[in-house]
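# Working through the structure, step by step
Residues per chain are reported as follows:
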Amino acid sequence: AQSVSQHNHHVILSEAASLELGCNYSYGGTVNLFWYVQYPGQHLQLLLKYFSGDPLVKGIKGFEAEFIKSKFSFNLRKPSVQWSDTAEYFCAVNAGGAGSYQLTFGKGTKLSVIP
Amino acid sequence: DGGITQSPKYLFRKEGQNVTLSCEQNLNHDAMYWYRQDPGQGLRLIYYSQIVNDFQKGDIAEGYSVSREKKESFPLTVTSAQKNPTAFYLCASSAQVTSTDTQYFGPGTRLTVL
C-alpha cells in the first residue's frame, strides 16, 4: 500500500520568504501526484497535479512543485509567500493505471505567514 | 451554481445513535467519495462509489455505511458501532473513474458526539 509523508507539521514564515514543503511517497510504480490546499473556512481545493511530462509543474497562485522520481518526492515551492497563503497543505498520491483512483493523503502541513 | 453540498455543517449526536450525513453534487460526476479528517491525521478514505448502486470500502470503513441510489447523492451513515465518530467529514467527487481525475471537495460536516 502506498503512503505519503509530509515532514513539516507546522511552518511559520514571514511575508516575502520563500517556501518549500516536503512530500515523499512510498510506491515503486507509476504515480499521479497532487497538492491540495485548505484555506481557513474554505473547501479543500486543488493547487496543482502531476501525471507525466515535465517534472516541474506550475499551479495556481504562483505555486509550483517538482517531481523527482529517484527521490520519491514532490515538494511544493513558492518564491515569495503572502499572508493570504496561510492555510493547510496536503500532498496526495494515487497509483497510476486503471482502477487506481484512490487518493492517499499525507497528514498535512499548516503554513502560517506573518505579515 | 455547480458544486458539492454537504449538510448539515455542524451535527451533534448522543452516543449510541446513528446519524446520516448528506452529500449532493450537481457536477454530473460518476465517482463520489467520503473522507474523514482528524487533526494531525490528514484525510482518510471511508467509502467510495464509482457508479450508481455500487460502492467499495476504503481504509477505515468500520462503523460506517453508504448508499448510492442516485448519481448525484452519496449519503454516509455513522453508526453506533463507530468507536470514535467525532471528526470532520468531507465528501468529494470526480468526473471519471480514472487515476488522473481531480477530486472536488464539499465544505464538510463537523460531527460531535456528546
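Everything below is about the structure printed above this text.
As a starting point, this report considers the structure included with it. (Residues numbered from 1 in each chain as written. Chains lettered and ligands numbered in written order. Predicted model: local features only at pLDDT ≥ 70, side-chain atom pairs only at ≥ 80, totals over all residues. Heavy atoms only, no water.)

### A look at the layout of surface pockets
Of the pockets and cavities examined, the largest pocket occupies roughly 580 Å³. Lining the largest pocket are 28 residues, with Gln38 and Glu88 of chain A together with Gln37, Phe88 and Arg110 of chain B sitting closest to its centre. Of the residues belonging to the lining of the largest pocket, the class tally is 10 nonpolar, 12 polar and six charged. (1 Å grid on protein atoms, 1.4 Å probe; cavity = no way out; pocket = protein on both sides within 12 Å on 5 of 7 lines; lining within 4 Å. Points joined across faces, edges and corners; volume = space filled by probe spheres on them. Nonpolar A, V, L, I, M, F, W, Y, C, P; charged D, E, K, R; others polar.)

### Points about the sheet that holds strand S8 (residues 76-78) of chain B
Residues and elements named next belong to chain B. Across the sheet, four strands lie side by side as S1-S3-S8-S7; this open sheet has antiparallel pairing. With one partner strand each, in any of the chains shown, strand S1 (4-7) and strand S7 (64-66) form the two edges of the open sheet. Here the average twist between neighbouring strands, direction ignored, is 20 degrees. (Pairing = 2+ DSSP bridges. Helix = DSSP H or I, 4+ residues; strand = E, 2+ residues; numbered from the N terminus. Axes fitted to C-alpha atoms, helices over the stretch in contact; angles between N-to-C directions.)

### Quick notes on the interface of chain B and chain A
How big an interface is tends to be expressed through the accessible area that disappears when the partners come together. Counting residues at the interface gives 23 residues for chain B, matched by 23 residues for chain A. Between chain B and chain A, a total of about 1800 Å² is buried, with carbon and sulfur atoms accounting for 54% of that surface. Counting the contacts that link chain B with chain A gives zero salt bridges. Breaking the side of chain B that touches chain A down by element, the ones donating at least two residues are strand S4 (31-38) and strand S5 (42-51) of chain B. Among the elements that take part in the side of chain B that touches chain A, S5 of chain B stands out by supplying five residues, more than any other. The class makeup of the residues in the side of chain B that touches chain A is 10 nonpolar, 12 polar and one charged. (Contact = heavy atoms within 4.5 Å. Buried area = accessible area lost by both parts, 1.4 Å probe. Salt bridge = Lys/Arg side-chain N within 4 Å of Asp/Glu carboxyl O.)

### Details of the pattern of salt bridges
Residues and elements named next belong to chain A. If you walk through the whole model with that rule in mind, you get seven salt bridges over all chains. Linking Arg77 and Glu64 is a salt bridge whose minimum nitrogen-to-oxygen distance equals 3.5 Å. Placement of the pair is Arg77 in strand S9 (residues 73-78) and Glu64 in strand S8 (residues 64-68), with a sequence separation of 13 residues. When salt bridges with common partners are traced through the structure, they connect Lys58, Glu64, Glu66 and Arg77 into a single cluster.

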